[in-house]
Amino acid sequence: MSSYNVRSEIEDTRKLLGITKDCFSEVGMTKWENIQRKFEEKFIEKKSYKSSFYWYWEHFNCEAEAINANGIKYFVTKQLFEKNEIVYFFVLDNDKFWFYEGDIYSINEISYECGLNEYYILDKKYEWFMACTHHLTFIGCGEKIITKMRAFKEKESEIIEKLNKKTPFYDKYKPIF
């Protein structure tokens, strides 16, 4: 997706998919800076408080686990999260992040339809987060997400085989393992 106006594309896609603002919305103008600051304090290694990053996944200060999501990106979040889990979601747009909150189902649908490829899903309690990089890799930090990612990787070939048998593959939001 071109970063010509990620924010507008996300909003247009939300409306097109019929996702209500109760399920997915931009965080308030006074809230996003606090979310970003807490995220950085907990998970990012910064040399200076003025340091600014576009690819946070290059600067983690915690143990991380990764999944190559090439070809299965849409399904990874379905396997790792509960459908109605409410999280923060932030998307890179050139040199700025746009911050949202919503349920995983809505985030997954919007990110898939928009073709987003540089975003973060953050637990609202700041216990874990997961990055989706432009390399089609999911990288997670925090015990809960690392445990789920490792379980996914143990059964990845079985999951992919089951996904290949489903048609259409996007019609259900049901974890396979």
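All residue numbers refer to position in the chain's written sequence, counted from 1. For a predicted model such as this one, the threshold for reporting local features is a pLDDT of at least 70, and the threshold for listing and counting side-chain atom pairs is 80 or more; totals across whole chains, interfaces and linings nevertheless cover every residue. By convention in this description, side-chain values take in all heavy atoms of the structure and omit both hydrogens and water.

### Some thoughts on the pattern of salt bridges
Point 1. Here, a salt bridge means any Lys or Arg side-chain nitrogen found within 4 Å of an Asp or Glu carboxyl oxygen. Here the structure, examined in full by the defined rule, presents 10 salt bridges.
Point 2. Between Lys-153 and Glu-65 there is a salt bridge whose closest N-O contact spans 2.6 Å. Placement of the pair is Lys-153 in helix α5 (residues 143–154) and Glu-65 in strand β2 (residues 64–68), with a sequence separation of 88 residues.
Point 3. Since its relative accessible area comes to 12%, Glu-65 is described here as buried.
Point 4. Here Glu-85 makes a salt bridge to Lys-144, at a shortest N to O gap of 3.2 Å. Remark: Lys-144 occurs in helix α5 and Glu-85 occurs in the loop between α3 (73–80) and β3 (86–93); sequence separation between them is 59 residues. Put simply, DSSP H or I for four residues or longer makes a helix, DSSP E for two residues or longer makes a strand, and each gets a number counted from the N terminus. In this scheme, a residue with accessible area under 20% of its type's maximum is buried, one over 50% is exposed, and one in between is partly exposed, where area comes from a 1.4 Å probe on protein chains only.

### Focus on the sheet that holds strand β6 (residues 129–132)
Point 1. At least two DSSP bridges between two strands are required for those strands to pair. Here we have 7 strands laid out as an open sheet, ordered β1-β4-β3-β5-β6-β7-β2, and antiparallel in their pairing. Pairing within the sheet leaves two strands with one partner each, and these edge strands are β1 (24–26) and β2. For this sheet, the mean inter-axis angle between neighbouring strands, taken without regard to orientation, is 20°.
Point 2. In this fold helix α1 (residues 6–17) packs onto β1, β3 and β4 (96–103), with an angle of close to 135° to the strand it touches most, β3. Helix axes are fitted to C-alpha atoms over the stretch in contact, other axes to C-alpha atoms as well, and angles between N-to-C directions run from 0 to 180 degrees. We call two residues in contact whenever any of their non-hydrogen atoms come within 4.5 Å of each other.

### Regarding the packing of α1 against helix α4 (residues 104–114)
Point 1. Close contact between α1 and α4 brings their axes to 10 Å; oriented N to C, the two are set at 115°. Of the two elements, α1 crosses α4, and the hand of that crossing is right-handed. Packed against α1, whose contacting residues are Glu-9, Ile-10, Thr-13, Arg-14 and Leu-17, the element α4 presents Glu-109, Ile-110, Glu-113 and Cys-114 at the interface.
Point 2. Lys, Arg, Asp and Glu make up the charged group, whereas Ala, Val, Leu, Ile, Met, Phe, Trp, Tyr, Cys and Pro make up the nonpolar group; the residues left over, Gly among them, are polar. Residue composition of the contact of α1 with α4, by class: 4 nonpolar, 1 polar and 4 charged. Two helices that cross are described as forming a left-handed crossing if the nearer one is turned anticlockwise from the farther one by less than a right angle, and a right-handed crossing if clockwise.

### Let's talk about α1
Point 1. Here, expected helix span is obtained from the residue count minus one, scaled by 1.5 Å. Given a rise of 1.5 Å per residue, 12 residues ought to cover 16 Å, and the 16 Å separating the end C-alpha atoms of α1 matches this to within 8%.
Point 2. Taken as a whole, α1 has its buried residues at Val-6, Glu-9, Ile-10, Thr-13 and Arg-14. Taken end-on, α1 shows its buried residues confined to a sector of 135°, consistent with a single buried face. Set apart from the buried face of α1 by more than 90 degrees, the exposed residues are Lys-15 and Leu-16.
Point 3. In the segment just after α1, Gly-18 is the residue with positive phi, at about 75°. Comment: arc refers to directions from the helix axis out to C-beta atoms.

### Focus: the confidence of the model for the chain
Point 1. Confidence scores here are pLDDT values: one per residue, from the predictor, ranging 0 to 100. Per-residue confidence for the chain gives a mean pLDDT of 81; residues scoring 70 or more make up 76%.
Point 2. For the chain, the element scoring lowest by mean pLDDT is helix α6 (residues 156–165), at 68; β1 scores highest, at 97.
Point 3. Predicted confidence is poor over residues 169–177, with pLDDT under 50, and the contacts of this stretch with residues over four places away or in other chains come to 28 contacts.

### A word on α4
Point 1. Within α4, 8 of the 11 residues are buried, which leaves it mostly tucked inside the rest of the structure.
Point 2. Phi turns positive one or two residues past the end of α4, at Gly-115, with a value near 70°.

### Focus: unusual backbone geometry
Point 1. The backbone of Tyr-126 shows a phi angle near 60°, a positive value even though the residue is not glycine.
Point 2. Within the fold, Tyr-126 resides in the loop between β5 (119–123) and β6.
Point 3. Note on Tyr-126: relative accessible area 12%, which makes it buried.

### Describing the pairing of β6
Point 1. Residue alternation in β6 divides its side chains into two sets, Phe-129 and Ala-131 and Met-130 and Cys-132, and both sets are buried.
Point 2. Following β5, the chain reverses through 5 residues before pairing antiparallel with β6; Tyr-126 in that reversal takes a positive phi of roughly 60°.
Point 3. Pairing geometry for β6 and strand β7 (residues 137–141), over 4 bridges, is antiparallel. What sits directly across from Cys-132, in β7, is Phe-138.
Point 4. Between β6 and β7, which pair antiparallel one after the other, the connecting turn spans 4 residues, and Leu-136 there sits at a positive phi close to 60°.

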